Amino acid sequence: MSLTLPAPTPGGLAADTTDTGAAAMDLAAFAGHAARRLRTDDTELYDLLTREADRQRDTLMMVAASSVADPSVLACGGTALGNLTAEGFPGARYHAGCDIADDIERLAIERAKSAFGAQAAIVQPHSGSSANLSVLTALMEPGDTLLGLDLDCGGHLTHGSPASLTGRYFNAVGYRVTDDGLLDYEQVRELARAHRPKVIVCGASAYPRTIDFSRFREIADEVGAYLLADISHIAGLVAAGLHPSPIDHAHAVTTSTYKQLYGPRGGLILLGREANAPGPHRGTLAATLRRSVFPATQGTPDLTSVAAKARALGFVAGPSFAALAQRLADDARAIAERLQQHGMRLVTGGTDTHMVLVDLRGTHLTGDVAEAALESCGIVVNRNRVPGDTTPVRVTSGLRIGTNSLAARGMGPDQAAACADLLARVMAATSVAPDGAAVLDPTVRTAVRAEVAELCARYPLPGYRY
Ligand SMILES: Cc1ncc(COP(=O)(O)O)c(C=O)c1O
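Remember, predicted model here, so these are calculated numbers, not experimental data.

A. Fine view of the overall build of the protein. Along the protein, the regular secondary structure elements total 17 helices and 17 strands. What you see for the protein is a C-alpha radius of gyration of 24 Å, in line with the 23 Å of a compact globule of 466 residues. Seen through its principal axes, the protein has C-alpha atoms that stretch 80 × 60 × 40 Å. The buried share of the protein, reckoned over its 466 residues, is 48%. Contacts spanning at least 24 positions in sequence make up 71% of the contacts within the protein whose residues lie at least 6 apart.

In structure tokens form, the structure reads like this:
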């Protein structure tokens, strides 16, 4: 039996498959319906999800690697787009039915390019870590040398830590910060000359100061290395022009999307002036990195995440993002100054970003104890190693504090300083039990919890009241 296809319409055959004449689905009603189904059909899970939403609403989230996405960003995750399997890239998929997904992914790509002044953007990485893996495996062979910032100096696991594939498959050499906690560009140069790395990674998980990407590029050029700039923590400041951009200095730029871009779980790879330069094998650098995401290190993309990235990047380009980015930097400075007034020592003595790193060495506290005491009051931070730290990663001698969520709540420097006062109050009232547990004066806990609740109510998560 032969099949007769209708003549193509001006919109093309694929367009016909969605043009059924039925009314468009009401996605807002669908989201409510979906949540009600969850509530009736799976109360155990529904309760857990509700508790998490309440926890976020009622706590001061000051984990530097976190932020709060607008509900419209989260809404993308609850759409039928998640049902679609779409291996490949827009216009070159391995499955039918992807025309709309192509448009969504193209929208995300265009918004990413315009947010960062990039020539090319890859929006499929499932995370910042997978973006880094894709770039590193595209540019290096197993055993090649990688030069990245040591973990205890603020580098990320994927910058060559032995705990990550990047430290096991590559010959990872680490550079360190100075005694003041600052990047030591001369040391990077010396190590680069001595070890001739294929890739130099700059960017950090725990570094509160401006990074000079052009100096890193000079060093990379001197030794013929590729430069990867991982801006996961500072992507919002970069997009807002409040931190110098690496886009035309690095061969590739990576970022997570859920931190300072206020987006979904996921990552981006961005390329500037080198996008169309030849890659290490065949094709351009951009084509090489695209192949290294799919099929080399990932399978099908999570298109709901791609859609959510498009939505978040729309905010980044929007009229209020610059003010948000300015606020988060101002808030961090206010916290740094206030903590120093309380006698705390900060790595590098301050901050240029959203991040403040407290060095607890010489105090009665370790990072784990301070973190636990603060959490019991509704203040969420994370213990973090500081340069030269000899304590185990689960203990640490530092605290990392970030302002992405405070700024999103609309808190300015005065409120950020008030948060720093709360931190200092809790830490001063905390002691350590013989088993290492945090012991906090209960009257302080009660008083601070009340102040946290009051601040959270006065500065609600944006868009979470409905
Ligand atoms: C500098 C840096 N790169 C990459 C990552 C990893 O991001 P993801 O959690 O999306 O894998 C992080 C995580 O915090 C980071 O700090």
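B. Representation of the sheet that holds strand β9 (residues 252–256). On the basis of which strands lie adjacent, the open sheet formed by seven strands has the order β4-β10-β9-β8-β7-β5-β6 and mixed pairing. The open sheet has two free edges, formed respectively by β4 (120–122) and β6 (171–175), since each of these has just one partner strand. With direction set aside, neighbouring strand axes in the sheet form an average angle of 20°. Bridge count for strand β5 (residues 145–149) against strand β7 (residues 199–202) is two bridges, and the pairing is parallel. Across the sheet, Leu 146 pairs through a bridge with Val 199, a residue of β7.

C. Focus on the sheet that holds strand β14 (residues 382–383). Read from one edge to the other, the open sheet built from four strands follows the order β11-β12-β15-β14, with strand pairing classed as antiparallel. The open sheet is flanked by β11 (345–346) and β14, the only strands paired with a single partner. In this structure, β11 lies alongside strand β12 (residues 355–359), joined through two bridges in antiparallel fashion. Residue pairing in the sheet places Arg 345 in a bridge with Asp 359 of β12.

D. Here's a closer look at the packing of helix α6 (residues 128–139) against helix α11 (residues 285–297). In contact at an axis separation of 9 Å, α6 and α11 are set at 110° when each is read in the N-to-C sense. The angle between the axes of α6 and α11 places the two elements in the roughly perpendicular class. You can see that α6 and α11 cross each other, and the crossing is right-handed. Packed against α6, whose contacting residues are Ser 130, Leu 133, Ser 134, Val 135, Thr 137 and Ala 138, the element α11 presents Thr 288, Leu 289, Ser 292, Val 293, Ala 296 and Thr 297 at the interface. In terms of residue class, the contact of α6 with α11 is built from six nonpolar, six polar and no charged.

E. Spotlight on the environment of Val 173. Summarising the element assignment, Val 173 is placed in strand β6. Accessibility expressed as a C-beta count within 10 Å gives 18 for Val 173, which makes it partly exposed. Leaving out residues up to four positions away in the same chain, Val 173 has contacts with Thr 145, Leu 147, Leu 191, His 195 and Pro 197.

F. Examining the domain arrangement of the protein more closely. Domain parsing of the protein yields domain 1 (83–317) and domain 2 (321–458). Each of domain 1 and domain 2 has a C-alpha centre, and the two are 29 Å apart. Opposite the 22 residues of domain 1 that make contact, domain 2 presents 21 residues. Sorting the residues of the side of domain 1 that touches domain 2 by element identifies α10 (235–239) and α12 (303–317) as the ones contributing at least two each. Classifying every residue of the side of domain 1 that touches domain 2 gives twelve nonpolar, six polar and four charged.

G. Inspection of the pairing of strand β10 (residues 267–271) at higher detail. Within β10, five of the five residues are buried, which leaves it mostly tucked inside the rest of the structure. Neither face of β10 is open: one carries Gly 267, Ile 269 and Leu 271, the other Leu 268 and Leu 270, and all of them are buried. The sheet contact formed by β9 and β10 spans four bridges and is antiparallel. Bridge pairing links Val 253 to Leu 270 in β10.

H. Region of the structure containing the pairing of strand β15 (residues 398–402). Burial runs high along β15: five of the five residues are buried. Burial along β15 is two-sided: the face carrying Gly 398, Arg 400 and Gly 402 and the face carrying Leu 399 and Ile 401 are both buried. With five bridges joining them, β12 and β15 adopt antiparallel strand pairing. Its bridge partner being in β15, Asp 359 is matched across the sheet by Gly 398. Relative to β15, β14 is paired through two bridges, and the arrangement is antiparallel. Bridge pairing in β15 places Arg 383 opposite Leu 399.

I. Main features of helix α5 (residues 99–116). Taking 1.5 Å per residue, 18 residues should reach 26 Å; α5 reaches 26 Å between its end C-alpha atoms and fits that length. Buried within α5 are the following residues: Ala 101, Ile 104, Glu 105, Ala 108, Ile 109, Arg 111, Ala 112, Lys 113, Ala 115 and Phe 116. Check the buried side of α5 and you find it contacts β4, α10, β10 and α12. Gly 117, located one to two residues past α5, shows a positive phi value of around 60°.

J. Just unusual backbone geometry, in detail. Following Phe 294, the chain continues into Pro 295 via a peptide bond in cis, with omega recorded as 10°. Tracing the backbone shows Pro 295 in helix α11. Within the chain, Thr 396 stands out as a residue other than glycine whose phi angle is a positive 65°. Looking at where Thr 396 falls in the secondary structure, it is placed in the loop between β14 and β15.

K. Structural view of the packing of helix α13 (residues 321–341) against helix α16 (residues 413–428). Contact geometry of α13 with α16 gives a least axis separation of 8 Å together with a crossing angle of 40°. Of the possible angle classes, the one that applies to α13 and α16 is oblique. Taken as a pair, α13 and α16 cross one another with a handedness that is right-handed. Residues Asp 330, Asp 331, Ala 334, Ile 335, Arg 338 and Leu 339 of α13 form the contact with α16, whose own contacting residues are Pro 413, Ala 416, Ala 417, Cys 419, Ala 420, Asp 421, Leu 423 and Ala 424. When grouped by side-chain class, the residues that make up the contact of α13 with α16 number ten nonpolar, no polar and four charged.

Each value, and the rule that gives it
- Residues numbered from 1 in each chain as written.
- Predicted model: local features only at pLDDT ≥ 70, side-chain atom pairs only at ≥ 80, totals over all residues.
- Helix = DSSP H or I, 4+ residues; strand = E, 2+ residues; numbered from the N terminus.
- Rg over C-alpha atoms; globule rule 2.2 N^0.38 Å.
- Buried ≥ 20, exposed ≤ 12 C-beta atoms within 10 Å, placed from the backbone.
- Contact = placed C-beta atoms within 7 Å.
- Pairing = 2+ DSSP bridges.
- Axes fitted to C-alpha atoms, helices over the stretch in contact; angles between N-to-C directions.
- Parallel < 35°, antiparallel > 145°, perpendicular 65-115°, else oblique.
- Left-handed = near helix turned anticlockwise from the far one by under 90°.
- Nonpolar A, V, L, I, M, F, W, Y, C, P; charged D, E, K, R; others polar.
- Domains from an automatic or database assignment.
- Expected span 1.5 Å × (residues − 1).

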